[in-house]
Amino acid sequence: MRRFVHETHAQRVVFASGAAREKLAEEIGLLGASRVMVLAGPSEAAVAARVTADLPVALKHDEVVMHVPVAVAERAREAARAHDVDALVSVGGGSTTGLAKAVALTTGLPVVAVPTTYAGSEATSVWGLTEGEVKTTGTDPRVLPRSVVYDAELMLSLPVDLSVASGLNALAHCVDAMWAPRTDPIDAALAAEGIRALAAGLPLVVDDPGGLPGREQALYGAYLAAVAFASAGSGLHHKICHVLGGRYNLPHAPTHAVVLPHVLALNGPAAPEAERRIAEAFGTTTALEGLEALRTRLDAPRALRDYGFREDQIPDAVVAVLPVVPESNPALVTPDNLQQLLRSAWEGATPR
Ligand code: NAD
């Protein structure tokens, strides 16, 4: 086996379907916290009220905005200071986790995350902030949640279309982790198991949105996906989606869901080992065949034009993406093939 270094993040991870309330209280007890700030957006407030009922809550904060605008982060930091809180609990999707991370970044306060989507931010030490059109990201150990409490019951209220988009966002972590700049055999193993779990769980979520087995499988897959992504770093897929999300304010999860097969179509032939492992995880002959079959089964988002991306923005996106393409990307990325990729994603063409 070739030489590699794999860094594992120090984090407690609790899987407890139906028991988030008790498990969250245990995690806060382990931290010895007595003044908790609960962060949850308006559509997450009901779930948050339920799972934080046994905590010493000093403050509830509900101003959550996707991609964490700096002004929103500043107001949350100020509220944390004014209420002298000693721990942060985020209950919600990646936007809510992201806000808690932004507060932790400057205050050093510990975060306990209770995710309600498959975004996976809770398992990474990556933070993100936006100012105007520019999204800045960075890595800092202070923002990595100390504990994560996964409770599949909390996912039951996530509408099917959001579940599908978010689940494919998780799948994108797995696929991109196969060729991202710091990928190693451990990341590939986590990613392959993540693909298997998501491919098994997401169809069950669509068939029976109120059932737990699909939600549990998908949540387990989403965690593995996030751990693989956190270690491997951002590959071509994440670089493209980062530009699209930050520059044109496209919604995070659907953007990932649309772009992924187009990146796989470009990189797959140039990355035979990744292609083999992804196909094996899907149980299909080729990786793209597996992904496309799953996307059809889930009625996945197909075209970026449905999410606010305009055809006349493609040339600008090409110029913005090219300088951030990872040097190690398996396929050569040129202005021409990138233009073609973005055009196919824009119109929802069959990935080739
Ligand atoms: P989101 O957090 O914006 O949530 C999408 C919508 O779903 C919101 O309206 C939210 O209120 C609602 N929602 C969430 N959970 C719900 C539930 N259980 N029931 C009903 N409604 C619910 O979207 P997301 O895709 O989870 O996260 C996207 C953000 O996370 C982006 O800003 C992205 O950059 C960030 N992210 C960061 C990392 C990282 O490692 N730092 C990783 C993944 C995503």
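Details of the structure are given in the entry above.
Now for a quick tour of the structure. What you are looking at is a predicted structure, and each value in this text was computed from that prediction instead of being measured.

1. A few points about the nonpolar core
Ranked by size, the top nonpolar core spans 72 residues in total, and within it Y118, I240 and L244 carry the most contacts. Among the elements that take part in this core, helix 7 (residues 212-232) stands out by supplying nine residues, more than any other. Lining this core are residues from two domains, each supplying at least three of them: domain 1 (12-155) and domain 2 (160-347). Leave out the neighbours within four places in its chain, and L244 touches N249, L250, T255, V259, L304, F309, A317 and L342. Residues L59, A80, L99 and L129 belong to the second largest nonpolar core, which totals 22 residues.

2. Section: the site of the ligand
If you check the shell around the ligand, you find 21 residues, and the closest are S43, S95, T116, T124 and K135. Within the side chain of T124, an N or O atom sits 2.6 Å from an oxygen atom of the ligand. Protein chains shield 82% of the accessible area of the ligand, which is 870 Å² for the free molecule. Elements that contribute at least two residues to the shell around the ligand include exactly helix 4 (94-107) and helix 9 (252-267). A per-element tally of the shell around the ligand places helix 4 first, with three residues.

About the criteria used
Residues numbered from 1 in each chain as written. Predicted model: local features only at pLDDT ≥ 70, side-chain atom pairs only at ≥ 80, totals over all residues. Heavy atoms only, no water. Core = buried A, V, L, I, M, F, W, Y, C linked by side-chain atoms within 4.5 Å. Buried < 20%, exposed > 50% of the residue type's maximum accessible area, 1.4 Å probe, protein only. Helix = DSSP H or I, 4+ residues; strand = E, 2+ residues; numbered from the N terminus. Domains from an automatic or database assignment. Contact = heavy atoms within 4.5 Å. Near = heavy atom within 4 Å. Polar contact = N/O pair within 3.5 Å; in protein donor to acceptor, adjacent residues only side chain to side chain. Areas by Shrake-Rupley, 256 points an atom, 1.4 Å probe, with all protein chains shown as cover.

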